[in-house]
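Fold and contact review
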Amino acid sequence: MKKVYVIGIGAGDPSDLTLRAIEAMRAVDVFFFMDKDGAGKENLIAFRQEVLTRAVPEASYRSVHATSPERPKDGRDYEKGIDWWRGERRRIFREMLSELGPEETGGFLIIGDPALYDGTTQILHELAAEGFEIDFEVVTGITSLQTLAARHRIPLNRIGEEITVTTARLLAETEPEKISNTLVMLDGRATFLHFKETDLYIYWGAYLGMEEEILIAGPLKEKADEIAETIETSRARQGWIMDAYLLRRP
Ligand SMILES: C[S@@+](CC[C@H](N)C(=O)[O-])C[C@H]1O[C@@H](n2cnc3c(N)ncnc32)[C@H](O)[C@@H]1O
């Protein structure tokens, strides 16, 4: 049966690769890349290439690239749109995986860890449920949230606290009093500004693990505008931004 590794490669620094990730990469005959068009695409491709150069310097693999279909926006016919999108992603995966010989091993390189806001394992499960013969294994990676905590030298929770991980879209609908220890991903639009008048603290990071890394922390009241401005100037300078943050009660 065809074998595929889904390999977490860390958020942005190739030194965060695990030994298991390197071993898995060395066993791969064909790497599959499915990227969204848009800002940041080139940077993510460059990061993965750097990881590959470090882990498999002899470059003894083939690469197959595909463009990810755009996820439908909220609105009329949203559910129909999502069905189409999921089907399209399965079709593209089938097509890519057909490049794999019966005894060969494939690999997907996932930013951070495959368990956090990444659809690869879900698509592979859907294909398996449709009868597509594939054996796959997940190799964990260091997530952007772990990197955020390490850079700010904080634990993600203090004693006995719960942690919520959410998206900027969901955060925007959250009542301020419901936020006690909330990690926010998929933003880039300074959604924390909604909570500027609260007593929350923010631990913010952009381009984590990369050369351009930026860290800012402090009371949200004092830091919100500075971070929002940093997001705008960085996006203008780099052409893209990827950020994550923790909002926490003092
Ligand atoms: C599609 S999710 C993927 C998360 C990834 N699987 C992980 O384990 O971190 C993309 C989001 O992760 C966060 N992220 C990933 N890499 C990052 C980085 N190097 N710096 C800051 N945020 C990052 C951002 O919130 C970004 O919008």
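Residues numbered from 1 in each chain as written. Predicted model: local features only at pLDDT ≥ 70, side-chain atom pairs only at ≥ 80, totals over all residues. Heavy atoms only, no water.

1. Digging into the domain arrangement of the chain
For the chain, the assigned domains read domain 1 (2-139) and domain 2 (144-248). For domain 1 versus domain 2, the separation of C-alpha centres amounts to 27 Å. At the junction of the two partners, domain 1 supplies 11 residues and domain 2 supplies 16 residues. Here domain 1 packs against domain 2, burying approximately 1100 Å² in sum over the two surfaces, 65% of which is carbon and sulfur. Among the residues of domain 1 in contact with domain 2, Ala11, Leu116 and Tyr117 are the three that bury the most area, contributing 44% of the side total. Linking domain 1 to domain 2 there are zero salt bridges. Along the contact surface separating domain 1 from domain 2 lie one residue pair in polar contact (both at pLDDT 80 or more). In terms of residue class, the side of domain 1 that touches domain 2 is made up of five nonpolar, three polar and three charged. (Domains from an automatic or database assignment. Contact = heavy atoms within 4.5 Å. Buried area = accessible area lost by both parts, 1.4 Å probe. Salt bridge = Lys/Arg side-chain N within 4 Å of Asp/Glu carboxyl O. Polar contact = N/O pair within 3.5 Å; in protein donor to acceptor, adjacent residues only side chain to side chain. Nonpolar A, V, L, I, M, F, W, Y, C, P; charged D, E, K, R; others polar.)

2. Examining the site of the ligand
Around the ligand sit 15 residues in total, of which Ile111, Asp113, Leu116, Ser144 and Asp243 are the nearest. In this structure, an oxygen atom belonging to the ligand sits 2.8 Å away from a main-chain N or O atom of Asp113. In this structure, Leu186 approaches the ligand through a main-chain N or O atom, which is 3.0 Å from an oxygen atom. Relative to its free-state accessible area of 560 Å², the ligand is covered by the protein chains to the extent of 90%. Looking at the shell around the ligand residue by residue, the classes come out as 10 nonpolar, three polar and two charged. Domain assignment of the residues forming the shell around the ligand places at least three in each of domain 1 (2-139) and domain 2 (144-248). (Near = heavy atom within 4 Å. Areas by Shrake-Rupley, 256 points an atom, 1.4 Å probe, with all protein chains shown as cover.)

3. Examining the pairing of strand S3 (residues 62-67)
Across six bridges, the pairing between strand S2 (residues 30-35) and S3 is parallel. Bridge pairing in S3 links Phe33 to His65. Crossover handedness for the path S2 to helix H2 (residues 41-55) to S3: right-handed. (Pairing = 2+ DSSP bridges. Helix = DSSP H or I, 4+ residues; strand = E, 2+ residues; numbered from the N terminus. Right-handed = clockwise from strand over helix to strand, strands pointing away.)

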